[in-house]
Amino acid sequence: QVQLVESGGGLVQPGGSLRLACPVSGDFFSINVMGWYRQAPGKQRELVARVTSNGRTTYADSVKGRFTISRNNAKDTVFLQMNSLEPEDTAVYYCNAGVIVGTGRYLEVWGQGTLVTVSS
């Protein structure tokens, strides 16, 4: 079984920063794409950023220039550095990973989510 556990969420003032982390654990062969999504109250879940196994990144327009996604392949961990946070960034942030298990099957795995609240 493969598990993702997010950490680093919390309450921050507008203009502040937070760093989310998400290690991937369990029985798998390799990790393909890793990403962060978010869901604000009353809204659909949306992509924030993702990074491929070779380091190619994609960002939502709303976070470009403020958020940075990175991954440590040696530790099977993905990070999201969030700077210049705005109240509109308030949401539950979910980690996502596409993994290959030993049978060659591709699995998309989600974490439980971590709450980020931006408020004065």
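Look up: the structure comes first, before these words.
All of these numbers come straight from a predicted model, not from anything done at the bench.

Caption draft 1: Structural context of the state of the cysteines. Enumeration according to the criterion identifies one disulfide in this entry. The disulfide partner of Cys22 is Cys95, and the gap between their sulfur atoms is 2.2 Å. Taking the sign of the torsion about the S-S bond as the criterion, the disulfide between Cys22 and Cys95, at about -95 degrees, is left-handed. Here Cys22, found in strand E3 (residues 18–26), pairs with Cys95, found in strand E9 (residues 91–100); they are 73 residues apart in sequence, far enough to count as distant. Cys95 matches Cys22 in its accessibility class, with the two residues each being buried.

Caption draft 2: Main features of the pairing of strand E5 (residues 46–51). Pairing of strand E4 (residues 30–39) with E5 involves five bridges; the strand directions are antiparallel. Counted as the bridge partner of Tyr37 is Leu47 from E5. As consecutive antiparallel partners, E4 and E5 are separated by six residues, and within that stretch Gly42 has a phi angle of approximately 75 degrees, a positive value. The pairing of E5 with strand E6 (residues 57–59) spans three bridges and is classified as antiparallel. Residue pairing in the sheet places Val51 in a bridge with Thr57 of E6. Here E5 folds back onto E6, and the loop between the two strands holds five residues, one of which, Gly55, carries a positive phi near 95 degrees.

What counts, and where the lines are drawn
Residues numbered from 1 in each chain as written. Predicted model: local features only at pLDDT ≥ 70, side-chain atom pairs only at ≥ 80, totals over all residues. Heavy atoms only, no water. Disulfide = S-S within 2.5 Å. Helix = DSSP H or I, 4+ residues; strand = E, 2+ residues; numbered from the N terminus. Buried < 20%, exposed > 50% of the residue type's maximum accessible area, 1.4 Å probe, protein only. Pairing = 2+ DSSP bridges.

In short, shape yes, function no, at least from these values alone.
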